[in-house]
Amino acid sequence: MASSDAARVATSLFPHANDKGGQSGVDRDKINEIILEVSGNSPYAREKIEQRNTAQKWVAKATKSLETFDSTRRSVARHHIAKSAEKLERTRESMAAAGTCCAVVDFDMFYAAVEIRDRPELATKPVAVGGGIITTANYVARKWGVRSAMPGFVGQALCRRGPEFGMPATELVFVPNDHKKYARVAETARAVFAEYDPHFVSHSSDEAYLDFTIYLRCRAAARDHAAARSLREAWEAGGGAPAALDLSDAKTGALAEAVLAELRARVRDATGGLTLSGGLAPNFKLAKIAADVRKPDGQTRVRPGRAAALEFLAPMPVRKVGGIGRVTEMQLADALNVRTCADLLERMPEIWDVGTPSWKEAMLLYALGCGDAGGPPEKDDDDDDDATFQKGLGNERTFRAISGEPKLVAKLGEIATLVADRLEARGIRAAKLTLKLKTTSFHVTTRDVSCPRDGPKEARYVQSRDEIVAMLKPLLLDEIRGADAGGEPLTIRS
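Conventions used here
Residues numbered from 1 in each chain as written. Predicted model: local features only at pLDDT ≥ 70, side-chain atom pairs only at ≥ 80, totals over all residues. Heavy atoms only, no water. Helix = DSSP H or I, 4+ residues; strand = E, 2+ residues; numbered from the N terminus. Buried < 20%, exposed > 50% of the residue type's maximum accessible area, 1.4 Å probe, protein only. Contact = heavy atoms within 4.5 Å. Areas by Shrake-Rupley, 256 points an atom, 1.4 Å probe, with all protein chains shown as cover. Pairing = 2+ DSSP bridges. Axes fitted to C-alpha atoms, helices over the stretch in contact; angles between N-to-C directions. Salt bridge = Lys/Arg side-chain N within 4 Å of Asp/Glu carboxyl O.

Draft legend 1. Representation of the overall build of the chain within the structure. Of the regular secondary structure elements, the chain holds 19 helices and 12 strands. Here the chain, with 494 residues, has 48% of them falling under the buried criterion. The contacts in the chain between residues at least 6 apart in sequence include a share of 66% that link residues at least 24 apart. Roughly 22800 Å² of accessible area belongs to the chain as shown, and the carbon and sulfur atoms make up 51% of that amount.

Below, the structure written as structure tokens:
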């Protein structure tokens, strides 16, 4: 295979359009060639090939359909797009009127940063946390193209073959995962987050979603953090909240940025120097993208309004948008020549014509920069008033491959214990549980189960380790037996 052909195939299999912090400037084509070469017929490579094949099937079908895309179909598509966009814009306007301000904070290379904090001699070396699968790589390692979710042997090969893409040869330093330590650090950070939004969402240990809306109202009225917290607590107890703020006002926008900078500094001090990057925006979708713009240890704010959202999004690769993964990225690029968010908006009629109802609605939401504000969910009138509500909490673990019902059930119990400890520590209970499995072939399966809503109050939420296992074990056993019936016993790594 010629070098140019290898680069093309490798890039289609391992596209790094969604650059991680610290990866700008690397020769991605050459790095992808090396990944393709060393991956061989590994499960990692087979999974990437399957993703490409899935994308190409859709591309072939969409391309054929678009051969007859005429002015009539374009007009129909634009009509429906306008109707859907009108609804989204009304939501955007109502959120702006309420002074909605969403913040997303994300630790910089979290696991690696914790290890380097405790072992400063690693700071200048390429470091990967994990072994079989890399869970986090530090910014030094990312200069060699090493990144999370990459097999360790691939990361090591990239470091050793650095001269092929302008970097020196070196050794990748592997540090084993210490999830108990990471959980302790995460809880320290969460204690700070809760002072600004008691209902913040944290689905992983390195990231949090905070609704600053009410806190900013209180902070503008109270002038300092302690007084703002008191006002917030009074509002939570049923008192009135200060008036909504205009986030398009320069002074109010500056206050929001100052509050985010304050939160990040407090977390840095509380965790022994670990840094957070952050994003501020009128919704969490934009705030999440903004949090990645100035990594590491920076923050970005997206101003309210359609024009500001579109200006911010226009140059962004579509893979930067949460919800657009590798397969969708390839579909959009190969069938529609869509690579940036500006392209996404421009080609919306074609997308609308070939997409499923839910997919094209999602693409329109992404292209317009719309989304929700989150915050505490509404409670039913008969909900237990003593329950504390938070949208999500979880624990994901990467470990060596395991199989067999006893070992898998034991691993479920181990992770359930960690989740239960966090639920109890925060005084919260769960109404819905999700089981997420990643096989050694890199296939990810998720299964959900909810507590009954029509039974006694004590049965509507779970908190203990045994309750969590009781709900999730049947789902796990179902997956195990289904895999056995298919002739490939379930073997997972996370």
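Draft legend 2. Structural detail: the sheet that holds strand E2 (residues 127–130). If you walk across this open sheet you meet the 3 strands as E3-E2-E4, and the pairing is mixed. Two strands bound the open sheet, and with one partner strand each, they are strand E3 (134–137) and strand E4 (173–175). Sheet twist, expressed as the average angle between the axes of neighbouring strands with direction ignored, equals 30°. In this sheet, E3 lies alongside E2 in antiparallel orientation, the contact comprising 3 bridges. Its bridge partner lying in E3, Ala128 is registered against Ala137.

Draft legend 3. Inspection of the pattern of salt bridges at higher detail. Applying the stated criterion across every chain yields a total of 33 salt bridges. Glu171 is the salt-bridge partner of Arg160, the closest N and O atoms lying 2.9 Å from each other. One end of the pair, Arg160, is in helix H7 (residues 152–160); the other, Glu171, is in the loop between H7 and E4, and 11 residues separate them in sequence. According to the relative accessible area criterion, Glu171 is partly exposed, its value standing at 42%. Across the pair Arg264 and Asp297 runs a salt bridge whose closest N-O atoms are separated by 2.9 Å. Separated by 33 residues along the polypeptide, Arg264 in helix H11 (residues 250–270) and Asp297 in the loop between helix H12 (284–290) and strand E8 (299–301) bring together distant segments of the chain.

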